[in-house]
Every structure is written in structure tokens, then in C-alpha cells.
Amino acid sequence: MASSFRVCGSHMSGRGRVLTQFQIIDRCLQRTFGTNVVAAAQSEAPKKEEIDDREGFKTFDAAQSERQEQAERSVLVSCNSTTNEQRFLKYLSRHGDVKKCFFYESYGTYAVVEFAKQESIASLQEVITIPVVNHECMLPFKSRLLSLRSGPSADLPNSQMGPQCQPQTTMPIQELIHRLSKEESIDQQIISLTESYQLTEENTRLRFLVCSLLKDIAAAYFPECTVRPFGSSVNGFGKLGCDLDMFLDLDSISGRKAKMPKAGLALEYQMKRTNSERAVTQSILSVIGECVDQFGPGCVGVQKILNARCPLVRFNHQPSGFQCDLTANNRVATKSSELLYLYGRLDPRVRHLVFAVRCWARAHGVTSSIPGAWITNFSLTVMVLFFLQRRSPDPVIPTLDHLRGLAGPADKSVIEGNDCTFVGDFSKIPPQSNTQTLEQLLHEFFDFFSTFAFGRMSINIRKGKEQNKPEVAPLHIQNPFEPSLNVSKNVNAPQLERFVALCQESSWLLQQSETSLPDARRSAPTPWGLAALLLPSQVAGLKGRKKRKREPASERIKSLLESLKKNSHQKKSSDPK
Ligand code: UTP
Ligand code: MG
């Protein structure tokens, strides 16, 4: 079995291995988390111990704060495809140095402009005008979403190309399959999939900018608020096109609780009272939802879903193309995003495997962006983490209880009575000595869940061990920070059966690739390895039917047989007579 780790000339054991794995994923991280982090890790790699290398990664809070600050210095400008980039930048630079600017397309051409200093935004706002449109009236809310107006002579002549746009969506699945089929090994295929699908640096910036624009709207009521992204936008497992989960953080307002003065005087605010935290959240979201709907430029299709377990405002932000979910009082979810971020940074194989499994699940309709009885991406991610904790004799990642044991006083966190404490500093976590390749891990993932005792057992990443199921739901995955909750409560028996049947079929397919296809691997474009696993399967079409036995017969299998046939033809023709 070829391994990307070996291809890159690494040692497969001891400290050198982890360093080299970091180097492999650096390519991916570079795009998502900026060059500084990666450059630091790469330049130090040959000299320092791996433990120091991990220090090169920012903690979750540090990474978030940096991005938020960057977004505050940025504006979003609607341009057009003939905008003269140089003139545009020259015009903006009258207000201060432009640190970064990129263009993208979403219902038109847009530019994200980051100034070096915050003052530039105020300076710019002094010259921005209000549009005059015949027979229409404007709601006079001024935001950092702007439109560029230019006379014909300011645009580029027809013969010249407009600004180069950065892609904000993933390639279609057929194109991905084609691309993966050309890779040399299954490890390379998995890495290539991550590189094709993960959030880009630009897309991450745009996500933080949309949060910052939303904060400006909410600040009309709550001037000290912050809007923070959580979920796949920041946990390291986001795919281009994923939704933008946001959390309206009012802690700086409500966090300062009054104490009775021992002596002297003190003032406190008079505030309206309600009977529960939930009612407070619903009131806040109701008002902010109304503001987003009435005043938020580019925010369309606003729905207030206030009776959900976690109340939210859902809308589409047209200028970015993001489907947005705004919540309030959702600190536990932010904590689980931080935990996933940490696991993803501990070992590059974690992110690669999660991307591969999520993409595989999506290709077969095991997950969907439409709410229903599907296994969600979050549940799938927890399943992958659990599987990596269960590797024997050496796990790939530690349990959550282990991470809690390593926590210092600054890491202590209790939210609504739930202990959410775990270590945030990567350098305190000793590396694991598991050396398995991505191909081995992917294969074992399918084997593991082909035979998992879903009927009796619950998945628990806190303990890193299956536990007896406390309820009758077909799939039970304990919420890492709210142990009484099952994150996969929505999954019904037929969906779980499909998942298991697909795991069986995929394991079988990988087995064939390992034993019979050493040469066919190079015979692109016939899909093989991971690419073959993404082809439509008959199993995926089974709805509520009886459990399949191990007899896969689908397009995936046909493709495999075809490449086997090709392989034997090639062999015959090259055999000396
Ligand atoms: P999402 O369902 O949006 O998942 O929940 P996601 O991780 O962002 O993945 P995609 O790409 O949108 O499909 C957002 C976050 O809410 C928390 C998790 O932190 C998750 O990442 N969450 C979600 C829970 O804590 N429990 C749940 O049952 C679901
Ligand atoms: Mg999400």
C-alpha cells in the first residue's frame, strides 16, 4: 500500500513522523488559516521538537480574535466584472493602506477590502453617499456593505480582463472523482479531497466579515455585543459552501453581575424581567431578526425559528451567498467547535479522515443540508473522532476526559452546569504513537462501523469507549458537553441501516483495491480507491428495505470490475511472449 507519508520521504515512527505529517497538512492549512501559522511551523520543523511545532498553531481563542479584528477593518464592496482593480485600490488607499483585497462572484462581483488600520473605515464612511433611485425610498441604515459607482471611462476597456475572482464553491462531484482518479495512492486521494473541499483563506475571511456586518446591526440595540462564528466555519472541518453558524454574544453586557455594596453607594441598571433564559434568548432573537429583516442590506428570506430547542434566526446573506443561522446564548456549541478545532490540529489525519467520510456520506445521501432523519455532519465528525480514539494498540487522538485532565486553571469552563473544561494549549498534549496511513484508517473506519453494536451501544468521545445505550433511539451519540443529549436523536432505523450497508460495501471495495489493483491504480480515468467509493451505490437507493448482506453490486462495483479488466488486458499486452 502506497502512503502519502512515505511518498513524502518521512519516517513512519517516532517523532519524525508527526513532524512530516504536519508538513503534509501545511499545504492545506496554508489556504485556510493563513501563511503565518504554516510558515512558522515549516521553518522550525527541522530544528525543533514536534512538541514545539504544535506551539506554532494558534489556540482557538487567539485565532478567532485575530480574524474578528481583521474583519472589523474590512468592507464588502459590490463592483462589476469590468472594475479596474488598480484604480479601485488607488481610490481606496486615499483613506489608508489596503492590507488585502480579493474579488469573488455571488450574484455579481464583490470585493473584500481589508484596511491596515481601523481609522480608514471612519475616513471612508465620511465620503460614502446615499443612493438616489427614482420612485424608491431607502431605509437609512449605513453598513459596511457598499456599492462601487464608476463612470464608463473608469472601467476597464473591453479588451482587458476584469479582476480575477476567488472561487467560493466546491467543484462538482464528477470533477472531484476525475481528479482523485488521477492520484497515485489512496492517501494522496484523501489529501487531495481535503484540499479541494476545505474552506479557503478568502472564504474564511468572508465568513468573519459577514459576522462583523451582522454585529453592526445588532449593535444598534446592544452596542457591546459580538457576533462569533461557530460550527464548521471555524472548527477546521468546514467545506466551501457550508452554512454560517453565528452566535450573538452579549456576555460583555450581561456578564457583569451586581454585588450588594458593603459600604457606600452603587448603581445598577433597571431591566425588564422574564421567567427563563430561554425567554430572554427568544426576545433578543425576535428583535434582532426583525432588524436583520427590515434593515440588513443583502439579508433575504429571514425566518425566526424561535421555538426550536436552540432558537435561531435563519436567512440568506446574498452578497456572500451564505445560508446563515444566528443564535444567542449558545456557548456550549462554541465550546464543541473549539474541541473539534483542537482535535483537528492534533494530528492532520483527523481532518483528512473527517473530510473523506463527510464527502463519502454526502455523495450517498447519508447526510443532507435539508433537515431530516439523516446523520448530520456534526454526528459524523464525532463518529470519526470516536473511531480514532478506539484505534488499538495506539489511539490517534486522546479522549475528552484525558484532555480535561491536562487542563490548567485558565481552561476551566462550566456552562449552564455542564463541565466544558479541556486543555486549550496544544503543547501540553503528548503526541500519540499511532502510525497508520490514511488508507488503513479509512478502511478500518468502514470495518469498525460495519460491525458496531448500534443496537446496544452509545458512542462517547468523553470516555473514548462505547457505553450502554440509555435510550431506544437507533443511533446514540452522546453530546460531548451535554451528556444527557443525543446528537443523533433525529436518525431513524432505515437511515442507520443504509449507513451500515454502505460501510460494508465500501470496506469490500477498498479490500479489492488493496489486493487486486496495484497497476490499475495508475490507469486513470477509471475511478478507483476513494474515487470509486464516491460513485453512486445501489445500497444508497435502499430505503427502509431489509438489511443487505455482503453482496455489493452497484456502479461502484462495476467501475472496479472494469478497471480490473483493463488491468488484465494491459498485463496481457505487456507480457513477453
Ligand atoms: P451544524 O449542524 O451546522 O453542523 O451545527 P456543522 O458542524 O456546522 O456542520 P455543517 O457543515 O454545517 O453541516 C453547528 C454546530 O452546533 C453544534 C456543533 O458545535 C456544531 O458544529 N451542535 C450541533 C451541537 O452541539 N449539537 C448538535 O446536536 C448539533
Ligand atoms: Mg454548520
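Since this is a predicted model, take the numbers as computed values, not measurements.

Things to note about helix H15 (residues 377-389)
Okay, so step 1: The end-to-end C-alpha distance of H15, which contains 13 residues, comes to 18 Å, matching closely the 18 Å that a straight helix rising 1.5 Å per residue would cover.
Okay, so step 2: H15 sits mainly inside the fold: 11 of its 13 residues count as buried.
Okay, so step 3: Ser379, Leu380, Thr381, Val382, Met383, Val384, Leu385, Phe386, Phe387, Leu388 and Gln389 are the residues of H15 that are buried.

Considering the site of ligand 1
Okay, so step 1: Taken together, the neighbourhood of ligand 1 is formed by 15 residues, with Ser232, Asp243, Asp245, Ser336 and Asn377 sitting nearest.
Okay, so step 2: A distance of 3.0 Å is found between an oxygen atom of ligand 1 and a side-chain nitrogen or oxygen belonging to Asp245.
Okay, so step 3: For ligand 1, the protein covers 77% of the area, taking 570 Å² as the surface of the free molecule.
Okay, so step 4: Of all the secondary structure elements, the ones that give two or more residues to the shell around ligand 1 are helix H13 (331-346) and H15.
Okay, so step 5: Of all the elements, H13 adds the most residues to the shell around ligand 1, at 3 residues.
Okay, so step 6: Residues belonging to the shell around ligand 1 are distributed by class as follows: 5 nonpolar, 7 polar and 3 charged.

Examining the coordination of the magnesium ion (ligand 2)
Tetrahedral coordination by four donors puts the ideal angle at the metal at 109.5 degrees, and octahedral coordination by six puts it at 90 or 180 degrees.
Okay, so step 1: For the magnesium ion (ligand 2), every protein donor is listed as Asp243 (OD) and Asp245 (OD), and the spread of their distances is 2.1 Å.
Okay, so step 2: By relative accessible area, Asp243 is classed as partly exposed at 26%.

Some remarks on the packing of aromatic side chains
Okay, so step 1: In this structure the tally under the stated criterion is 21 aromatic pairs.
Okay, so step 2: When the ring of Tyr341 is compared with that of Phe426, the centres are 6.3 Å apart and the planes differ by 45°; the resulting orientation is tilted. One end of the pair, Tyr341, is in helix H13; the other, Phe426, is in the loop between strand E11 (418-419) and helix H17 (438-450), and 85 residues separate them in sequence.
Okay, so step 3: Judged by its relative accessible area of 5%, Tyr341 is buried.
Okay, so step 4: Seen from their ring centres, Phe448 and Phe452 are 5.7 Å apart, and the 45° between their planes marks the pair as tilted.

Focus: the nonpolar core
Okay, so step 1: Counting 82 residues, the largest nonpolar core has Trp360, Met383, Leu442, Phe449, Phe454 and Phe499 as its most contacted members.
Okay, so step 2: Per-element accounting of this core gives the leading share, 9 residues, to helix H14 (residues 348-363).
Okay, so step 3: Dropping the residues within four chain positions of it, Phe454 is found in contact with Met383, Phe449, Ile459, Lys469, Pro474, Leu475, Leu496, Phe499 and Val500.
Okay, so step 4: The next biggest cluster of nonpolar side chains, apart from the first, holds 34 residues, and it includes Tyr110, Val210, Ala218 and Cys291.

Some words on the sheet that holds strand E5 (residues 226-230)
Okay, so step 1: With mixed pairing, 5 strands are arranged side by side in an open sheet as E5-E6-E9-E8-E7. At either end of the open sheet lies a strand with only one pairing partner, and these are E5 and strand E7 (299-305). For this sheet, the mean inter-axis angle between neighbouring strands, taken without regard to orientation, is 25°.
Okay, so step 2: Pairing between strand E8 (residues 312-317) and strand E9 (residues 322-328): 6 bridges, direction antiparallel. Bridge pairing in E9 places His317 opposite Phe322.
Okay, so step 3: Here helix H12 (residues 277-295) sits on the sheet and contacts strand E6 (244-249), E7, E8 and E9; the angle it forms with E7, its principal contact strand, is near 160°.

Re the sheet that holds strand E2 (residues 98-105)
Okay, so step 1: Strands sit in the order E2-E3-E1-E4 across an open sheet of 4 strands; the sheet is mixed. Bordering the open sheet on either side are E2 and strand E4 (145-147), each of which pairs with just one other strand. Recorded for the sheet is a direction-independent mean angle of 25° between the axes of neighbouring strands.
Okay, so step 2: Here strand E1 (residues 74-78) runs beside strand E3 (residues 109-115); their pairing, made up of 5 bridges, is antiparallel. In the sheet register, Ser78 faces E3, and the bridge partner there is Tyr110.

Comments concerning the packing of helix H5 (residues 60-72) against H13
Okay, so step 1: The geometry of H5 relative to H13 is characterised by a closest axis approach of 10 Å and an angle of 110° between their N-to-C directions. With respect to H13, the axis of H5 lies roughly perpendicular. The residues of H13 that touch H5, namely those facing Phe60, Asp61 and Ala63, are Thr334, Ser337, Glu338 and Tyr341.
Okay, so step 2: Split into classes, the residues belonging to the contact of H5 with H13 amount to 3 nonpolar, 2 polar and 2 charged.

What counts as what
- Residues numbered from 1 in each chain as written.
- Chains lettered and ligands numbered in written order.
- Predicted model: local features only at pLDDT ≥ 70, side-chain atom pairs only at ≥ 80, totals over all residues.
- Heavy atoms only, no water.
- Helix = DSSP H or I, 4+ residues; strand = E, 2+ residues; numbered from the N terminus.
- Expected span 1.5 Å × (residues − 1).
- Buried < 20%, exposed > 50% of the residue type's maximum accessible area, 1.4 Å probe, protein only.
- Near = heavy atom within 4 Å.
- Polar contact = N/O pair within 3.5 Å; in protein donor to acceptor, adjacent residues only side chain to side chain.
- Areas by Shrake-Rupley, 256 points an atom, 1.4 Å probe, with all protein chains shown as cover.
- Nonpolar A, V, L, I, M, F, W, Y, C, P; charged D, E, K, R; others polar.
- Donors = N, O, S within 2.8 Å, 3.2 Å for Na, K, Ca; no water.
- Phe/Tyr/Trp six-rings, centres within 6.5 Å; stacked < 30°, edge-to-face > 60°.
- Core = buried A, V, L, I, M, F, W, Y, C linked by side-chain atoms within 4.5 Å.
- Contact = heavy atoms within 4.5 Å.
- Pairing = 2+ DSSP bridges.
- Axes fitted to C-alpha atoms, helices over the stretch in contact; angles between N-to-C directions.
- Parallel < 35°, antiparallel > 145°, perpendicular 65-115°, else oblique.

Structural measurements only, silent on function.
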